[in-house]
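# Fold and contact review
Letter by letter, the chains look like this.
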Amino acid sequence: GAEIARYLSQEQYQVVIFGRTASDLELVRANALNPESVFPVSGSITAPEHREQLVTTAAELGGVQLLVLNAGIESVGTSDLSPTDLREIFEVNT
């Protein structure tokens, strides 16, 4: 995801990036070739209010021209996972 954001910012796209950790997103922004065209939004993709902020940010920039979906989590040894953990994996990955 970070490399895609860096590339797209170089190609003059306005790039909205989304992730769980604001500091990680700021690092991606800072390392972009055109950092002023990268707009970080932090949150959980499973939280409706965070998805709404993502949509709002994109709309404020004129809408979506290109969408890259790069969210996903995994776990090795799913037999040891609780039902809550399995649900989170399902919600993030679908």
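Above this note sits the structure.
Residues numbered from 1 in each chain as written. Predicted model: local features only at pLDDT ≥ 70, side-chain atom pairs only at ≥ 80, totals over all residues. Heavy atoms only, no water.

### Comments concerning the overall build of the protein chain
On a plain count of helices and strands, the protein chain comes out with four helices and two strands. Across the protein chain, helices and strands are ordered from the amino to the carboxyl terminus as α-β-α-β-α-α. Burial statistics for the protein chain: of 94 residues in total, 22% are counted as buried. Within the protein chain, counting contacts between residues at least 6 apart in sequence, those at least 24 apart form 37% of the total. Of the accessible surface of the protein chain, which amounts to about 6700 Å², a share of 52% is contributed by carbon and sulfur atoms. Each charge class in the protein chain can be summarised by its mean position, and for the 5 positive and 13 negative side chains these summaries are 1 Å apart. (Helix = DSSP H or I, 4+ residues; strand = E, 2+ residues; numbered from the N terminus. Buried < 20%, exposed > 50% of the residue type's maximum accessible area, 1.4 Å probe, protein only. Contact = heavy atoms within 4.5 Å. Areas by Shrake-Rupley, 256 points an atom, 1.4 Å probe, with all protein chains shown as cover. Lys, Arg positive; Asp, Glu negative; His and termini not counted. Charge placed at Lys NZ, Arg CZ, Asp CG, Glu CD.)

### What to know about the pairing of strand β2 (residues 38-42)
Note: strand β1 (residues 15-19) against β2, five bridges, orientation parallel. Bridged to Gly19 within β2 is Ser42. A crossover connection joins β1 to the parallel β2 through helix α2 (residues 22-31); in handedness this β-α-β unit is right-handed. (Pairing = 2+ DSSP bridges. Right-handed = clockwise from strand over helix to strand, strands pointing away.)

### Some details on the nonpolar core
With eight residues, the main nonpolar core is built from Ala5, Leu8, Val15, Ile17, Leu25, Val28, Ala32 and Val38. Mapped onto this core, the elements with two or more residues apiece are α1 (2-10), β1 and α2. If near-sequence neighbours (up to four positions away) are discounted, Leu8 is found in contact with Tyr13, Val15 and Leu66. (Core = buried A, V, L, I, M, F, W, Y, C linked by side-chain atoms within 4.5 Å.)

### Notes on the environment of Leu61
Of note, Leu61 is situated in the loop between α3 (48-60) and α4 (83-93). Considered as a pair, Leu61 and Gln14 are 47 residues apart in the sequence and their alpha carbons are 7.4 Å apart. Residues within four places of Leu61 in sequence aside, it is in contact with Gln14, Val16 and Phe39.

### Notes on the environment of Thr57
By the element assignment, Thr57 lies in helix α3. For the pair Thr57 and Ser44, spaced 13 residues apart in the sequence, the C-alpha separation amounts to 15 Å. Dropping the residues within four chain positions of it, Thr57 is found in contact with Val16, Phe39 and Val41.

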